[in-house]
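# Notes for the structure review
Here is what each chain is made of, one letter per residue.
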Amino acid sequence: MAKTPAPIAAKLALIVHGDMGIISGLQSVFNQNGITTIVARDLPTALLAITQHYFDVGVVSSRIAEEGDGWSVSGVLRLVFPNAFVVVIAPETDVLTLKAAINNGVNEIFDKERSPQEIAQTIVSSVTAPASKRPSRTVQ
Amino acid sequence: MPHKPSVLVVDDEENITRTLQMVFEREGYEVTPAYSSAEAVKILENGHTLDAVITDLNMEQEDIGLEVARVARGLKPPPVVVICTGFANLKNSRRALEMHVDYLVSKPVDIEELTSALRRLIARRQYTTKGPR
């Protein structure tokens, strides 16, 4: 009898971003790879979603309503879901951005110029790889 | 008796190490001081069980604190790792992110920021390694 592949446990991603183009780009790749998404376009919605769901992935803009407020959301995601893969999309990668990423337990930072499909594909590869082969926290 | 959290403080500037030792002992920690990265690595490799390591970055060599962080991250369970530096740059901050350093604090150190971050990170570590109580 042919072996059937083991089912992949459904994963849930929280996208916290204000740009519809980025949201839909991320969603299309996530959905193709069996990752369900919940979208929050503001801080209260993001925090409410965190209280209501178990997230495996978090994709957060560093700027939601004002510059830098996305870091708090990434910190809350790390605190509530210690094993989640949390990434932040930031306008630039300078020392302060790196410091914010470290201090909020972010796995990866992506430059906002990267295409959302490319960002989502990198995340999918990271979260579907066996734990031993997962890349460490990096800057892309 | 409640468990006293243990912290290794590493800095080649003796006055900084002693000040941090005093601060954390007052906060109820058991503090082990080390005055070089080599001394810190020796302590880490000797099987000391630690809840946290706070290390300077530039000691015997530039960015050598990252080696202390790397050895600490390899322990099972890994202690909370905090880098304390006045010389953060793109290269060393990127490496710190890649090796999952838990916190990066700039010198001069804001003691309130450091003590509160350490308390939070140790609590999180205890929760994730032992589960909720």
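Position labels on residues start from 1 in each chain and follow its written sequence. Key to labels: chains lettered from A, ligands numbered from 1, both in the order written. Side-chain atom pairs in this predicted model are given and counted only at pLDDT of 80 or more, local residue features only at pLDDT of at least 70, and totals for whole chains, interfaces and linings cover all residues. Side-chain measures here rest on the full set of heavy atoms in the structure, leaving out hydrogens and waters.

### Regarding the packing of aromatic side chains
- Between the rings of Phe, Tyr and Trp (Trp by its six-membered ring), a pair exists once the centres lie within 6.5 Å; its type follows the angle of the planes, with under 30 degrees stacked, over 60 edge-to-face, and the other angles tilted. With the rule as written, the count across this model stands at three aromatic pairs over all chains.
- With centroids separated by 5.8 Å and ring planes inclined at 85 degrees, the aromatic side chains of A:Phe55 and A:Phe81 adopt a geometry described as edge-to-face. Taken together, the residues span a long stretch of sequence, with A:Phe55 in the loop between α2 (43-52) and β3 (57-61) and A:Phe81 in the loop between α3 (69-80) and β4 (85-90) at a distance of 26 residues. There is no split in this pair, since A:Phe55 and A:Phe81 are both buried.
- Look at B:Phe24 and B:Tyr29: their rings are 5.3 Å apart centre to centre, the planes differ by 85 degrees, and that puts the pair in the edge-to-face class. Neither residue differs from the other here; B:Phe24 and B:Tyr29 are each classed as buried.
- What links up through ring pairs into an aromatic cluster is the set A:Tyr54, A:Phe55 and A:Phe81. Here a strand is any run of E in DSSP of at least two residues, a helix any run of H or I of at least four, and the numbering for each starts at the N terminus. Each residue is assigned to one of three classes by its accessible area relative to the maximum for its type, calculated with a 1.4 Å probe on protein chains only: buried under 20%, partly exposed between the two thresholds, exposed over 50%.

### Structural notes on helix α1 (residues 20-32) of chain A
All names here are of chain A.
- Multiplying 1.5 Å by the residue count of a helix minus one yields the expected span of that helix. Compared with the 18 Å implied by 1.5 Å per residue over 13 residues, the 18 Å span of α1 between its first and last C-alpha is a close match.
- By the burial criterion, the buried members of α1 are Ile22, Ile23, Gly25, Leu26, Val29 and Phe30. Viewed end-on, α1 has its buried residues packed into an arc of 165 degrees, placing them on one side of the element.
- The contact criterion used is simple: two residues touch if any of their non-hydrogen atoms lie within 4.5 Å. Of the surrounding elements, those touching the buried residues of α1 are β1 (11-16), β2 (35-40), β3, β4 and α5 (116-128). Regarding the arc, it is the one traced by the directions from the helix axis to the C-beta atoms.

### Description of the pairing of strand β1 (residues 6-10) of chain B
Residues and elements named next belong to chain B.
- Across the five residues of β1, five count as buried, placing the element largely inside the fold.
- Residues Ser6, Leu8 and Val10 point to one face of β1 and Val7 and Val9 to the other, with burial holding for every one of them.
- Strands pair, by our definition, only if DSSP identifies at least two bridges between them. In this structure, β1 lies alongside strand β2 (residues 30-34), joined through five bridges in parallel fashion. When the sheet's bridge partners are listed, Val7 is paired in β2 with Val31.
- By convention, a crossover is right-handed whenever its connection, traced from the first strand over the helix to the second and viewed with the strands pointing away, goes clockwise. One crossover worth recording links β1 to the parallel β2 by way of helix α1 (residues 14-26), and it is right-handed.

### Some points on the interface of chain A and chain B
- Contacts between the two partners involve 17 residues from chain A, matched on the other side by 18 residues from chain B.
- A buried area of about 1,600 Å², summed over both sides, lies between chain A and chain B, and 66% of it is on carbon and sulfur atoms.
- We count a salt bridge whenever a side-chain nitrogen from Lys or Arg sits within 4 Å of a carboxyl oxygen from Asp or Glu. If you look at where chain A meets chain B, you find zero salt bridges.
- Between N or O atoms, a polar contact is any pair within 3.5 Å; within protein, one atom must be a potential hydrogen donor and the other a potential acceptor, and residues adjacent in sequence are included only when both atoms are from side chains. Here chain A is connected to chain B by two residue pairs in polar contact (both at pLDDT 80 or more). When two parts are brought into contact, each loses some accessible area as probed by a 1.4 Å sphere; the total of that loss over both is the buried area.

### Topic: the environment of B:Gln21
Residue and element names in this part refer to chain B.
- Tracing the chain through its elements places Gln21 in helix α1.
- Each C-alpha atom of the pair Gln21 and Thr49 lies 17 Å from the other, and the pair is 28 residues apart in sequence.
- Not counting the four nearest positions on each side in its chain, Gln21 is found in contact with Val31 and Pro33.

### Comments concerning the pattern of salt bridges
Residues and elements named next belong to chain B.
- For the structure on display, the rule yields ten salt bridges over all chains.
- Linking Asp56 and Lys107 is a salt bridge whose minimum nitrogen-to-oxygen distance equals 3.2 Å. Residue Asp56 is located in strand β3 (residues 52-56), and its partner Lys107 is located in the loop between β5 (103-106) and α5 (111-130); the two are separated by 51 residues in the primary sequence.
- Residue class for Lys107 comes out partly exposed when judged on its relative accessible area of 22%.
- A salt bridge links Asp102 to Arg73, with the shortest nitrogen-to-oxygen separation between them at 3.6 Å. In this pair, Asp102 sits in the loop between α4 (90-98) and β5 while Arg73 sits in helix α3 (residues 65-73), placing the two residues 29 residues apart along the sequence.
- For Arg73, a relative accessible area of 26% translates into the label partly exposed.
- One salt-bridge network, held together by shared partners, links Asp11, Asp56 and Lys107.

### Concerning the side chain of A:Asn103
- Within the fold, A:Asn103 resides in helix α4 (residues 95-103).
- Leave out the neighbours within four places in its chain, and A:Asn103 touches B:Asp102, B:Tyr103, B:Leu104 and B:Arg120.

### Some details on the environment of B:Arg95
Residues and elements named next belong to chain B.
- Tracing the sequence through the fold places Arg95 in helix α4.
- Given the relative accessible area of 38%, Arg95 is considered partly exposed.
- In this structure the C-alpha to C-alpha distance between Arg95 and Asp63, which are 32 residues apart in sequence, comes to 9.9 Å.

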